[in-house]
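Residue-level structural notes
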Amino acid sequence: MGKSWIYIAMATIIILMMFLLTIFFIEINSIIALGNRVENSLIGAGWAGFGELDLERLSERIEGIDDAATREIYLDKVRAERIVREYIRENLKLDEDYIPKEDSYITNKSNPVIIDEIRVFNPDELPVAASNGTLITRTTIQITAQIPMDIKGVGFLYAKKTVFVDIDSFI
């Protein structure tokens, strides 16, 4: 009779461990899915910034954009950053204070999305290393944001997401 209780206890522990592991994998899957959706939304916002061309700088260019070596474009940094911020708010469904609205897919609705950096790299500044060390060689918009998340077993934290949208992905 004594050994059967040991087997029952071991089976119970194994079942409990499998249950907790399943919850862990489900949570990891939801975190990855949220990260992918946020990344796609940030990339879309970056593409919107590419519509803000610096026409004065572009009019000075001799070569056309049909050649890959000379197709660099110049962006109006101020307007591009403003548009990117607007699209981030639209794509992530954030209010004026960057707090997710009720219809946002970001699950934590009480803490704001923090935009750490929106940086426009024009051809006259290149090559240059971005703030995270990535080498930038083409016209690029870098977006770094922190997304509020509630993770089971861990609690609240911010997940940092950095995306680079460059001329090659835009054309």
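Residues numbered from 1 in each chain as written. Predicted model: local features only at pLDDT ≥ 70, side-chain atom pairs only at ≥ 80, totals over all residues. Heavy atoms only, no water.

**With respect to the sheet that holds strand S4 (residues 140-151)**
On the basis of which strands lie adjacent, the open sheet formed by 3 strands has the order S1-S4-S5 and antiparallel pairing. Strand pairing shows two members of the sheet lacking a second neighbour, strand S1 (114-121) and strand S5 (155-166), which therefore form its edges. Strand-to-strand, the axes of this sheet are offset by a mean angle of 15 degrees, without reference to chain direction. Direction of pairing for S1 relative to S4: antiparallel, over a ladder of 7 bridges. Each residue of the ladder has a partner; that of Ile115, found in S4, is Ala145. Each of S4 and S5 is contacted by helix H1 (residues 2-49), which is oriented at about 150 degrees to S4, the strand it contacts most. Strand contacts of helix H3 (residues 77-92): S1 and S4, with the helix running at about 140 degrees to S1, the strand carrying the most contacts. (Pairing = 2+ DSSP bridges. Helix = DSSP H or I, 4+ residues; strand = E, 2+ residues; numbered from the N terminus. Axes fitted to C-alpha atoms, helices over the stretch in contact; angles between N-to-C directions. Contact = heavy atoms within 4.5 Å.)

**Some points on the side chain of Glu27**
Mapped onto the elements, Glu27 comes out in helix H1. Once residues lying within four places of it in the same chain are set aside, the contact partners of Glu27 are Asp150, Ile151 and Lys152.

**Some details on the environment of Asp166**
Considering the arrangement of structural elements, one finds Asp166 in strand S5. When its relative accessible area of 25% is taken as the criterion, Asp166 is described as partly exposed. Between the C-alpha atoms of Asp166 and Leu75, which are 91 residues apart in sequence, the distance is 11 Å. Apart from residues lying up to four places away in sequence, Asp166 is in contact with Phe50, Arg138, Thr139 and Thr140. (Buried < 20%, exposed > 50% of the residue type's maximum accessible area, 1.4 Å probe, protein only.)

**So, the environment of Arg85**
Among the structural elements, Arg85 can be located in helix H3. For Arg85, a relative accessible area of 27% corresponds to the partly exposed category. In this structure, the C-alpha to C-alpha distance between Arg85 and Thr22, residues 63 residues apart in sequence, is 38 Å. Setting aside its immediate chain neighbours within four residues, Arg85 contacts Tyr98, Ile115 and Ile118.

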